[in-house]
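Take a look at the letters that make up each chain.
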Amino acid sequence: MVQPLPPDRLCHACDAEHFAFDTTDDLEELTEAIGQMRAVDAAQFGIGMRHTGYNLYVMGPAGIGKRFLVYQLLGRQVVSDAAPSDWCYVNNFSQPHKPRAIELPAGTGAGLQTDMQQLLAELQSAIPAVFEGEEYRRRLAQIDEEYEGQQAQAFGDVGEEAGKQGIMLLRTPNGFSFAPVKDGEVMSPEDYDKLAQQQKDRIDEDVNRLQDKLEKVIRQVHQWRRERNERVRKLNEEAVLFAVGHLIDALRSEYAAYPAVSEYLNEVQQNVIASMDEFRKPREALTGLAALAGDQPGFNRFLVNLLVGHGKTDGAPVVYEENPSFQNLMGRVEHVSQLGALVTNFLLIKPGALHMANGGYLLLDAIKLLSQPFSWEALKRALSTREIRIESLGQMYSLVSTVSLEPEPVPLDVKVILLGNRMLYYMLAEYDPEFGELFKVAADFEDEVERNAENDLLYARLVGTLVRREKLHPFDRGAVARVIEHCSRRAEDAKKLSTHMESLSDLVREANYWAVQAGRAIVSRNDVERAIHAQIRRVDRLHERSQESILRGILHIDTGGEKVGQINALSVFQLGDYAFAQPSRVTASTRLGDGELIDIQREAKLGGSIHSKGVMILASFLSARYAAEQPLSLSASLVFEQTYGQVEGDSASVAELCALLSSLANVPIRQSLAVTGSVDQFGRVQAIGAVNDKIEGYFDICSKRGLDGSHGVLIPASNVEHLMLRQDVVEAAAAERFHVYAVETVDQAIELLTGLPAGEPDAEGYLPEGSLNALVAERLAYLAELRRAYAGMKSELSVAAEHEDKDD
């Protein structure tokens, strides 16, 4: 039979003697987050991982220090990061409403802006001069002379060949034609009609042949004209390039390392050539309707808009956008009023937070971001496409008809860090399919950390840091040890420590208060203990009223004697941040039936889905163990007595199963014991939550009624490492007035509850006589026999009734 747990396993006390300090004044300041290596590693990984989608969501409760830690990590990283790029917008000569974006190293954008201004000034003076030069005029005349000579020669050859055939090539206003000649003159229609038919046929045949040749010549002349125009075009290009080509080539050479600039300069050169007439005869500045049409005045199309310049920036930028509205994130295109209308150009493009943080890090508060219309979708779109697209909300949703621009998207290389809570993270992960693709790194701050000597010392340093920061009295070793024990209790695990810094700070302040009230200069363990009791006392009114109802007999809870089909389960009530437990009476009844297990809580719609699942597992366990080869011929009912609210969870399934087995075997259960734990289909007892609250809740009732050494609680063996019980519970266990049993199977539990051996089947499958399992099996076999007998009797009665009907 399972033995009670020894007292040293009921609470993992912190030994103050292993601390080498006397008070927290002897300790160094703590400058790091305790036990947050997972979050630190994740944040460092996310910050350093430059591939698509590896943005960060830093999550954790308020007051845990996540924002401070992120800034600390970024401060170390940006020093080694390269300076961000300059971004410029330039004119798109093929599509002026879609300005082009150019990326340049930090400080280079301003240089390009100056170089283009100088180039434009030289173009305006050099191009008109070259077209007035003698060399250009001479070469143009030579091209025209060659073209005219080729044309005359071609038509002359056709005319000469026609003359040999007695036919003349005539040039008319409508083109060319052929006519027969006589004595050197064009033959009149009358003379032509006098010719013999054979002569006419020959003339027609010659004309058709000459006509074909003429058409070929005309096509050739058109080709020569195109060649002539092409030669003139090339001559003009050569003239322009001769005048300014070396200037553009010099810029190409200077910016050869930047393909985008080289491409832009190529387009500038092409546009200069295409618009050489504007340079040869400069037009006056546009006004009136031309301005309304959005035409760029003069040569502004060759200017450069320096969108973001980082010439004086060291390292990567870290930008926190306090108000992440759509325009503040994505940038905007401003407008100016001209003649009562709003017009714009690429020089009026303004950057957003993504532009400013490009090449660095952008921090955003998740709640503020999601609260701004359109901002979340715009950010996701930018991160997905890896580009910043400046758009007008008015145009997107057809709210305005103002002429605007469509700037070329800027390639985006930014690390976005969202700061928020876990609920928001999991909601986004659940309902936004794009979230997981864009924020692949979650820096999850731990609610608890490993409890070991190293972390104990770190917590001691943390207490010392809080004491200095708040200007409190120093804590002695015992006080620090009690704080650590309380942190372990908050974590509900003897091997863990809670990292909830707010509650820790509150406890330190309140312990200092009680030390001051007692007139002590050093905070002791008793002061911390008193602060803990005071915190509970302020919120446990309902807990006391509940205990009063049990002690007065209003709620029937037996803590002594034995009863069949009745057991004490343990329930937890959560009221805000405060939780308490108390026993609940569970009863079971069994009778002949067809295998139905009735969960009265579920039938009354007072049972949750997890509780219903636990009851179904009980039915499966009974069938598999006791009725594998026969019908399960029972009808059973389970209920939580005197409960008037929702019952949820499966932590009472072991108690319910033991109550069923007690009812089936007609064996009483010791009411001095309470049970908690869930069970699987094979009878293994599984871990549950709030094990400390449950044990202490039952202990409080038994203690007030009087402990006699028979009282105790059965818990899952897997919950033993979670035990951090109060000192009074540990002392009662040491005095053998209260016991905690750790069970692994339902058989171990039923043996403790009934005092009977559970019974293991032998090699032939027979259970030991007198064992509880044997009694249950015998009862179920008896019920199955009754069911068969009843079915047979019912069949005989049915046959007899049929015979009577036939006799009638």
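Here the structure is a predicted model, which is why all the values come from computation and not from measurement.

Asks: Before we move on, can you summarise the overall build of the protein chain with the specific residues and values?
Replies: Each helix and strand counted, the protein chain has 28 helices and 30 strands in total. Taken over C-alpha atoms, the radius of gyration comes to 48 Å for the protein chain, far larger than the 28 Å a tight globule of 808 residues would show. With respect to the three principal axes, the spread of C-alpha positions in the protein chain is 150 × 105 × 55 Å. For the protein chain, with 808 residues in total, the buried portion stands at 46%.

Asks: Tell me about the nonpolar core, and name the residues and values.
Replies: Counting 47 residues, the largest nonpolar core has Ile567, Leu622, Cys658 and Leu714 as its most contacted members. Among the elements that take part in this core, helix α24 (residues 653-665) stands out by supplying nine residues, more than any other. Within the second largest apolar cluster, 40 residues are counted, among which are Ala101, Leu329, Ala357 and Leu424.

Asks: I'd like to hear about the environment of lysine 312, residue by residue, with values.
Replies: With respect to the helices and strands, the residue lysine 312 is situated in the loop between β7 (304-308) and β8 (318-320). Classification of lysine 312 as exposed rests on a relative accessible area of 84%. Separated by 206 residues in the primary sequence, lysine 312 and alanine 106 have C-alpha atoms spaced 8.1 Å apart.

Asks: How would you sum up the side chain of aspartate 700? Please name residues and give values.
Replies: With respect to the helices and strands, aspartate 700 occurs in helix α25 (residues 691-705). With near-sequence residues (within four places) excluded, aspartate 700 lies in contact with His543, Gln547 and Arg726.

Asks: Account for the pattern of salt bridges, naming residues and giving values.
Replies: If you walk through the whole model with that rule in mind, you get 42 salt bridges. Among the salt bridges present, the one from glutamate 29 reaches arginine 468, with a minimum N-O distance of 3.8 Å. You can see glutamate 29 sitting in the segment before α1 (37-48) and its partner arginine 468 sitting in helix α17 (residues 453-470), a full 439 residues away along the chain. Classification of glutamate 29 by relative accessible area gives partly exposed; the value is 40%. On the basis of relative accessible area, arginine 468 is assigned to the partly exposed category, the value being 30%. One network of salt bridges, in which partners are shared, links Arg489, Glu492, Asp693, Glu696, Asp700, Arg726 and Asp728.

Asks: Would you mind going over the sheet that holds strand β13 (residues 361-365) in detail, with residue names and values included?
Replies: A sheet is described by the order of its strands in space; here five strands give the open sequence β8-β13-β16-β1-β17, paired in parallel fashion. A single partner strand is all that each edge strand has here, and the edge strands are β8 and β17 (441-444). Across the sheet, the mean angle from the axis of one strand to that of its neighbour is 20°, orientation sign disregarded. Summarising the sheet, β8 and β13 pair through three bridges and their orientation is parallel. Note that in β13 the partner of tyrosine 320 across the bridge is leucine 363. Along the sheet, helix α2 (residues 66-78) contacts β1 (56-59), β8, β13 and β16 (415-420); its crossing angle with β13, the most-contacted strand, is approximately 170°. Packing of helix α15 (residues 422-431) onto the sheet brings it into contact with β1, β16 and β17, and relative to β1 it is tilted by some 140°.

Asks: Which residues make up the confidence of the model for the protein chain, and what values do they have?
Replies: On average, residues of the protein chain carry a pLDDT of 87, and 91% of them reach 70 or more. The model gives residues 284-297 a pLDDT under 50, and that stretch makes 15 contacts with residues more than four places away or in other chains.

Asks: Give me the lowdown on the pairing of β1, citing residues and values where you can.
Replies: Along β1, one buried face is formed by Leu56 and Val58 and the opposite face, lined by Tyr57 and Met59, is buried too. The sheet contact formed by β1 and β16 spans four bridges and is parallel. The residue bridging leucine 56 from the neighbouring strand is isoleucine 417, located in β16.

Asks: Can you explain the packing of helix α3 (residues 108-131) against helix α7 (residues 259-274)? Please cite residues and give values.
Replies: Running from N to C, α3 and α7 point in directions that differ by 20°, and their axes come no closer than 13 Å. Relative to α7, the element α3 lies roughly parallel. Handedness of the crossing formed by α3 with α7: right-handed. For the pair formed by α3 and α7, the contact residues are Leu112, Met116, Leu119, Leu123 and Ile127 on the first element and Val261, Tyr264, Leu265, Val268 and Val272 on the second. Taken together, the residues of the contact of α3 with α7 sort by class into 10 nonpolar, no polar and no charged.

Asks: For the state of the cysteines, give the residues involved together with the corresponding values.
Replies: This model, assessed by the stated rule, comprises zero disulfides. Between cysteine 14, a free cysteine, and cysteine 11, which holds the nearest cysteine sulfur, the sulfur-to-sulfur gap is 10 Å. Residue classification places cysteine 14 among the buried residues on the basis of a relative accessible area of 7%.

Asks: Talk me through the sheet that holds strand β30 (residues 739-743); I want residue IDs and the actual numbers.
Replies: Taken in spatial order, the seven strands make up an open sheet running β23-β24-β22-β21-β26-β29-β30, and their pairing is mixed. Of all strands in the sheet, those bounded by a partner on one side alone are β23 (596-599) and β30. Mean inter-strand twist for the sheet, computed between neighbouring axes without regard to direction, equals 30°. Here α24 sits on the sheet and contacts β21 (566-575), β22 (578-592), β23, β24 (634-640) and β26 (673-675); the angle it forms with β22, its principal contact strand, is near 30°. Across the sheet, α25 touches β21, β22, β26, β29 (712-716) and β30, and the angle it forms with β22 is around 80°.

Asks: An account of the packing of aromatic side chains is requested, with residue identities and associated values reported.
Replies: One pass over the structure, following the stated rule, counts 20 aromatic pairs. Residues phenylalanine 279 and phenylalanine 299 carry aromatic rings whose centres are separated by 4.7 Å and whose planes lie at 20° to one another, so their mutual orientation is stacked. With a gap of 20 residues between them, phenylalanine 279 in helix α8 (residues 276-280) and phenylalanine 299 in the loop between α9 (289-292) and β7 connect regions that are remote in the sequence. Accessibility expressed as a relative area gives 1% for phenylalanine 279, which makes it buried. A residue is classified by how much of its surface remains accessible, and phenylalanine 299, at 12% relative accessible area, is buried. Relative to tyrosine 426, the ring of tyrosine 425 lies with its centre 5.2 Å away and its plane at 80°, an arrangement referred to as edge-to-face. Note on tyrosine 426: relative accessible area 46%, which makes it partly exposed. Grouped by ring-pair contacts, the aromatic residues Tyr57, Trp376, Tyr425, Tyr426, Phe435 and Phe439 constitute a single cluster.

Asks: Would you mind going over α3 in detail, with residue names and values included?
Replies: Over its 24 residues, α3 extends 35 Å from the first C-alpha to the last, a length consistent with the 34 Å expected when each residue adds 1.5 Å. Largest kink in α3: about 25°, centred on leucine 123. Within the span of α3, buried status applies to Thr108, Gly109, Leu112, Asp115, Met116, Leu119, Leu120, Leu123, Ile127, Val130 and Phe131.

Asks: Can you explain the environment of alanine 121? Please cite residues and give values.
Replies: Inspection of the secondary structure assignment puts alanine 121 in helix α3. Note on alanine 121: relative accessible area 44%, which makes it partly exposed.

Asks: Describe a nonpolar patch on the surface, and please don't skip the residues or the numbers.
Replies: Where nonpolar side chains cluster on the molecular surface, the patch consists of Met423, Met427 and Tyr431 and spans about 410 Å² of accessible area. Here tyrosine 431 shows up in helix α15.

Cut-offs and rules
For every chain, the first residue of its written sequence is number 1, and the numbers climb from 1 along that sequence. Local features are withheld for residues below a pLDDT of 70 in this predicted model, meaning they are given only at 70 or higher, and side-chain atom pairs are given and counted only at 80 or more; totals for whole chains, interfaces and linings count all residues. By convention in this description, side-chain values take in all heavy atoms of the structure and omit both hydrogens and water. A run of H or I in DSSP becomes a helix once it reaches four residues, and a run of E becomes a strand once it reaches two; helices and strands are each numbered from the N terminus. We compute the radius of gyration over the C-alpha atoms and compare it with the globule rule, which gives 2.2 Å times the number of residues raised to the power 0.38. Exposure is judged per residue with a 1.4 Å probe applied to protein chains only, and the accessible area is read against the type maximum: over 50% gives exposed, under 20% gives buried, and values in between give partly exposed. Buried Ala, Val, Leu, Ile, Met, Phe, Trp, Tyr and Cys residues that are joined via side-chain atoms within 4.5 Å together make up what is termed a nonpolar core. Here, residues are in contact when the closest pair of their heavy atoms is within 4.5 Å. What counts as a salt bridge is simple: a side-chain nitrogen of Lys or Arg found within 4 Å of a carboxyl oxygen of Asp or Glu. Criterion used throughout: strands pair if DSSP finds at least two bridges between them. Only the stretch in contact is used when a helix axis is fitted, and all axes are lines through C-alpha atoms; the angle between N-to-C directions ranges over 0 to 180 degrees. The predictor rates its confidence in each residue with pLDDT, a number between 0 and 100. Angles are sorted into four bins: roughly parallel if under 35 degrees, roughly antiparallel if over 145, roughly perpendicular if 65 to 115, and oblique for all others. Less than a right angle of anticlockwise turn of the near helix away from the far helix marks a crossing as left-handed, whereas a clockwise turn marks it as right-handed. The nonpolar class holds Ala, Val, Leu, Ile, Met, Phe, Trp, Tyr, Cys and Pro. Asp, Glu, Lys and Arg form the charged class, and all remaining residues, Gly among them, are polar. The term disulfide is used for any two cysteine sulfur atoms that are within 2.5 Å. Whether two aromatic rings pair depends on their centres lying within 6.5 Å, for rings of Phe, Tyr and Trp, where Trp uses its six-membered ring; planes under 30 degrees apart make the pair stacked, over 60 edge-to-face, and the rest tilted. In this scheme, a helix's expected span is set at 1.5 Å multiplied by one less than its residue total. By definition, a residue's bend is the angle between the axes fitted to the seven residues ending there and the seven starting there. The patch calculation keeps residues exceeding 30% relative accessible area without a salt bridge and links them within 9 Å when they carry like charges or within 5 Å when they are nonpolar (Val, Leu, Ile, Met, Phe, Trp, Tyr). The method behind every accessible area is Shrake-Rupley, applied with a 1.4 Å probe, and residues are considered shielded solely by the protein chains displayed.

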